[in-house]
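Structural overview
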Amino acid sequence: MATFFGEVLSVYSRAVEEDDEDLDDENEDEQIHRAIEEKREVHIAWCPEVAQSLEGKLQCSELIIAVGTNAAGFLSAYVLNTESWDAVGHASLWNERSRGSSRQSIAPLPGEPACLFYRHRDNPAVLVCQSTCYIAEDQLFQWTEKVFGCLQKRGLSVMVLSDSPVAEYKTPDYLYGSAVPFLRSLKSSASKSQALCPALEQPNILTGLPAAVLSHCQVHQIPAVLYQCYTDVISPDSITMETYKPALLCLSKLVKLEPCLSADVLRKFAIITEAQSNLYT
Amino acid sequence: MNWNADCEPGLILIHRFMYSSPELRLAVLQIRTPIIQTKSKKFCKLMVSWIKASGFSRTVLLSSSHAYQRDDQQLLGTPLRYLQTPSMQKVTGDRLKEMEWREMETVSTFPGVTDSEQRLYIPGGGATKGLFTDSCAEDIPLVVVLIFCSEGDNIPDAFTLLNHLNTWLHLVDAPAQMQPKWRIPASWRLLFGSGIPPALF
């Protein structure tokens with residue numbers, strides 16, 4: 001779509017797909033559909049000790065979900081860097097953009113886009129989820145149903161940290177570069193917590209996993225807060241990661257933040273991005 | 001849900017919202033996102049059984065279709081069309097025809113070969129056709145009111161569709177020969193992106 005000034009905006013079509021429901025109930029078609037559906041199914045694999053206790057539901061008071069490389073990197077650097085966190089499970093799924101994470105039984109390799117769950121050793125009621133893999137639209141509902149299906153709803157509250165490019169942020173004023181990165185929040189109606197940053201303004205729209213999680217929490221009356229970080233850097237960087245710091249300060253009783261960023265952890269991310277961008281080397 | 005909900009700052013609005021007005025005896029279901037294609041059939045089935053269970057006396061489905069796929073006869077005159085199920089026909093009779101509303105034309109299944117086989121075709125309408133055909137089968141009084149529109153700024157199309165509906169249902173009072181004043185939802189702002197740099201001028 002072109003604006004008044006002629007620049008071309010990448011606006012997604014709001015028209016809905018061609019209706020293709022002339023698909024007859026032929027057996028062959030149905031078999032193919034079933035096979036595709038099976039292939040695209042989301043599996044949640046827990047480690048044996050958690051799986052054992054799953055017969056009831058997992059007692060969890062705080063679920064922290066980080067979506068995107070910066071949000072996940074923030075948790076790796078500031079929270080999960082201590083010895084007191086155990087990897088307890090992962091979600092495996094297959095779609096066009098995340099082909100690697102479909103191995104159900106094997107945990108993803110380090111550095112591979114994935115969706116991982118961690119639990120605090122001393123306080124098992126805190127569950128952390130790092131999601132860096134792409135989850136397709138048709139898999140989001142499944143993901144939320146399956147993950148929240150494992151958790152006790154009573155006493156649960158959810159926090160979502162999510163990355164977003166600043167180009168997707170809409171504001172009537174022109175956004176100066178110096179203001180970026182910044183944080184915006186959105187709460188489900190059941191959440192009573194005081195937000196630490198301005199609320200996300202209309203007409204901004206959330207998509208993907210953060211939207212799916214928040215919708216699930218809104219429908220099931222689970223208190224949830226989202227902190228969305230708008231950044232102008234594509235690759236993981238420490239300034240963007242630091243933006244999330246205030247969000248976790250309110251959970252300081254449950255989650256201890258590392259006071260200073262570990263250079264080792266940052267270096268790991270830097271190596272990954274360097275390898276991908278060799279345009280000028 | 002409050003009618004003004006979308007103007008409250010910080011309030012979360014999700015993919016479906018139900019509004020109701022006891023004075024108007026009206027319920028509005030807003031479907032804000034497209035339906036995942038493989039789930040469309042299931043969605044229609046669930047919607048139709050919900051409409052049936054709720055016992056609405058009549059249901060109006062507001063929708064749209066691609067303007068660029070109109071055939072020659074559809075290009076002439078108004079971009080607004082309607083479709084009604086047989087059981088709606090029993091309730092309203094020829095009321096819509098008397099108001100000079102135009103029924104959605106069928107198109108030939110094999111254009112250019114034979115015109116003997118006609119079918120209902122709503123390109124870009126998503127679940128509209130499925131909901132309509134399921135409602136026909138389930139004997140639900142339902143009217144589809146749709147507008148042909150193009151990609152881009154569809155705010156004028158939305159007003160046209162709403163004013164058109166209001167001439168039939170009189171949901172909002174309007175002075176004679178005038179259109180009612182509608183309140184624009186906050187989500188319609190900044191359709192073409194953020195503000196422009198002031199240094200430009």
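Not measured: the values here are computed from a predicted model.

Before going further, it helps to spend a moment on the overall build of chain A. Counting its regular elements, chain A contains 8 helices and 8 strands. In chain A, of all internal contacts separated by at least 6 residues, the share reaching a separation of at least 24 is 76%.

Residue and element names in this part refer to chain B. The strand order across the open sheet built from 3 strands is E3-E7-E4, with neighbouring strands paired in mixed fashion. A strand with exactly one partner marks an edge of an open sheet, and here the two such strands are strand E3 (59–66) and strand E4 (80–84). Across the sheet, the axes of successive neighbouring strands diverge by a mean angle of 25 degrees, strand direction being ignored. In this sheet, strand E7 (residues 142–149) lies alongside E4 in antiparallel orientation, the contact comprising 5 bridges. Bridge pairing in E7 places Tyr82 opposite Val145. Sitting on the sheet, helix H5 (residues 128–137) touches E3, E4 and E7, and the angle it makes with E7 is about 160 degrees.

Glancing now at helix H1 (residues 40–54) of chain B. Residue and element names in this part refer to chain B. Across its 15 residues, H1 extends 21 Å between first and last C-alpha, which sits within 8% of the 21 Å expected from 1.5 Å per residue. Residues of H1 that are buried include every one of Ser40, Phe43, Cys44, Met47, Val48 and Ile51, and no others. The arc that holds the buried residues of H1, viewed along the axis, is 125 degrees, so those residues lie on one side. The outward face of H1, more than 90 degrees from its buried face, is lined by the exposed residues Lys42, Lys45, Leu46 and Ala53. Among the structural elements, strand E1 (16–21), strand E2 (26–31), E3 and H5 are those in contact with the buried residues of H1. Phi turns positive, to about 65 degrees, at Gly55, one or two residues after H1.

Counting residues in hydrophobic clusters, the biggest one holds 50 residues, and the most contacted among them are Trp46(A), Phe117(A), Trp143(A) and Val158(A). The next biggest cluster of nonpolar side chains, apart from the first, holds 26 residues, and it includes Ala66(A), Val79(A), Tyr244(A) and Val255(A).

Residues of chain B with pLDDT of at least 70 account for 95%, and the chain-wide mean is 88. Interface confidence in the predicted complex, given as ipTM, is 0.85; pTM for the same model is 0.86.

Right, let's talk about the pairing of strand E4 (residues 115–120) of chain A for a bit. Residues and elements named next belong to chain A. Judged by how many residues are buried, E4 sits mostly within the fold: 5 of 6 residues are covered. By the bridge criterion, 6 bridges tie strand E3 (residues 85–92) to E4 in an arrangement that is antiparallel. Opposite His90, over in E4, you have Leu116 as the bridge partner. Sheet analysis places E4 next to strand E5 (residues 126–131), joined by 5 bridges and oriented antiparallel. When the bridges of E5 are listed, Arg119 appears paired with Leu127. Counted along the chain from E4 to the antiparallel partner E5, the turn is 5 residues long.

Now for the sheet that holds E3(A). Residue and element names in this part refer to chain A. Spatially, 8 strands are ordered E1-E3-E4-E5-E2-E6-E8-E7 in an open sheet, and the strand pairing comes out mixed. Of all the strands in the sheet, the pair left with one neighbour each is strand E1 (43–46) and strand E7 (182–187). Neighbour to neighbour, the strand axes of the sheet diverge by 20 degrees on average, direction disregarded. Packed onto the sheet, helix H4 (residues 137–149) meets E1, strand E2 (62–67), E3, E4, E5 and strand E6 (157–165) and runs at close to 20 degrees relative to E4. The sheet contacts of helix H5 (residues 208–219) involve E2, E5, E6, E7 and strand E8 (224–231), and relative to E6 the element is tilted by about 155 degrees.

Scoring rules and cut-offs
- Residues numbered from 1 in each chain as written.
- Chains lettered and ligands numbered in written order.
- Predicted model: local features only at pLDDT ≥ 70, side-chain atom pairs only at ≥ 80, totals over all residues.
- Heavy atoms only, no water.
- Helix = DSSP H or I, 4+ residues; strand = E, 2+ residues; numbered from the N terminus.
- Contact = heavy atoms within 4.5 Å.
- Pairing = 2+ DSSP bridges.
- Axes fitted to C-alpha atoms, helices over the stretch in contact; angles between N-to-C directions.
- Expected span 1.5 Å × (residues − 1).
- Buried < 20%, exposed > 50% of the residue type's maximum accessible area, 1.4 Å probe, protein only.
- Arc of directions from axis to C-beta.
- Core = buried A, V, L, I, M, F, W, Y, C linked by side-chain atoms within 4.5 Å.
- pLDDT = per-residue confidence, 0-100.

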